[in-house]
Amino acid sequence: MKTALVTGAASGIGYELSVLLANDKYDLVLVDIDKLKLKAVKNFIQKKYSVSVTVLVKDLSKPNIAQEIFEDIDNIPIEVLINNAGFGLFGPFANTQWRREEEMLTVHITTTAQLSKLVLKSMMNRGCGKILNISSLAAFQPGPFMSVYYASKAFVLSFSQAIASELKDTGVTVTALCPGPTRTSFQDVVSHDTAKNKITFNMSCPKAVAKYGYGAMLKGKTVAIPGLFNRFLAFLPRLFPRDLATAVVRTMQLKNRLTH
């Protein structure tokens, strides 16, 4: 049996990707910090798809957690790695909590890069394997009031494109999935309570995003942006001065995340 490892698998895009993998008969290693949701996902998938599901309750913001995960799976060959776990934080950089931003950087950058490094050698030795890193439409421009989040997703995109080039002709592919706004718990975290239901324009559902990203991964596509309008938005910063693109994002953030 083939084995896939998915981080942030208890909900949202990570959960939907886990279901797609199970439907394709992958055994799963599912990682998340939410023990109860992770257990529910395991029970559902095992019952419906008859695949093996191993769950690891891990805080991916801890230093060297990728090595801990790798040791826990005891050298099980990983055919597919999906680095999905992540979260956002809204507010002026001067006022936000550094502890949370440091955790975000660890989850989005350090853990993603280290997990990728740990599985890559065995993938290359076998001459096959796929890595799907969840970036964001945010990766294409600076993001005032979510500066660390936008910058970290830019890292994920750049990192994925670079190692995808390095791995050309090895049989191993790397895909960066860059969705726009998606209706997951992420929106609840980064928006004020009375603004959580305001962001409806261009909002995608996690199932559709996961399906698009999964298909792009199977095809070995390097950058996958679901939705024609999102692809247009990703291209726009190339046409305008960077300061102007940043000002537009600033206006959109204030309009969408805050109440009037």
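Now for a description of the structure that goes with this document. The residue count restarts for each chain, going from 1 along the sequence in the order it is written. Given that this is a predicted model, residues contribute local features only at a pLDDT of at least 70 and side-chain atom pairs are listed and counted only at 80 or more, while totals for whole chains, interfaces and linings are drawn from all residues. To get the side-chain values, all heavy atoms of the structure are used, and hydrogens and water are removed first.

Once that is clear, we can look at the nonpolar core. Residues belong to a common nonpolar core when they are buried Ala, Val, Leu, Ile, Met, Phe, Trp, Tyr or Cys residues joined through side-chain atoms within 4.5 Å. For the exposure calls, accessible area comes from a 1.4 Å probe over protein chains only, and a residue counts as buried if that area is under 20% of its type's maximum, exposed if over 50%, partly exposed in between. Counting 36 residues, the largest nonpolar core has Leu5, Ile69 and Leu81 as its most contacted members. Think of it this way: any DSSP run of H or I at least four residues long counts as a helix, any run of E at least two long counts as a strand, and we number them from the N terminus. For this core, the secondary-structure elements that each account for two or more residues are strand 2 (26-32), helix 3 (65-72), helix 4 (98-126), helix 5 (147-166) and strand 6 (172-177). It is helix 4 that contributes the most residues to this core, seven residues altogether. Only heavy atoms matter for contacts: two residues are in contact if any of them lie within 4.5 Å across the pair. Excluding its chain neighbours within four sequence positions, the residues that come into contact with leucine 81 are Leu5, Leu115, Ser116, Val119, Met123, Lys130, Ile131 and Leu132. Membership of the second largest hydrophobic core comes to 29 residues, among which are Leu30, Leu38, Ile45 and Ala216.

A separate point is the pattern of salt bridges. Salt bridges are defined by distance alone: a side-chain nitrogen of Lys or Arg within 4 Å of a carboxyl oxygen of Asp or Glu. All told, the structure shown has four salt bridges when counted by the stated rule. Note that glutamate 103 and arginine 99 form a salt bridge whose closest N and O atoms lie 3.0 Å from each other. Of this pair, glutamate 103 and arginine 99 both sit in helix 4, four residues apart, which is roughly one turn of the helix. On the basis of relative accessibility, which here comes to 16%, the residue glutamate 103 falls in the buried class. Looking at arginine 99, the relative accessible area reads 49%, which means it is partly exposed. In this structure, arginine 100 engages glutamate 103 in a salt bridge whose closest nitrogen and oxygen atoms are separated by 2.7 Å. In this pair, arginine 100 and glutamate 103 both sit in helix 4, three residues apart, roughly one turn of the helix. Residue class for arginine 100 comes out partly exposed when judged on its relative accessible area of 28%. The network of salt bridges with common partners includes Lys58, Glu68 and Asp72.

Within strand 6, six of the six residues are buried, which leaves it mostly tucked inside the rest of the structure. Burial along strand 6 is two-sided: Val172, Val174 and Ala176 facing one way and Thr173, Thr175 and Leu177 facing the other are all buried. Paired strands are those between which DSSP finds at least two bridges. Bridging between strand 5 (residues 129-134) and strand 6 involves six bridges; their strand directions are parallel. In the strand pairing of strand 6, asparagine 133 is matched with alanine 176.

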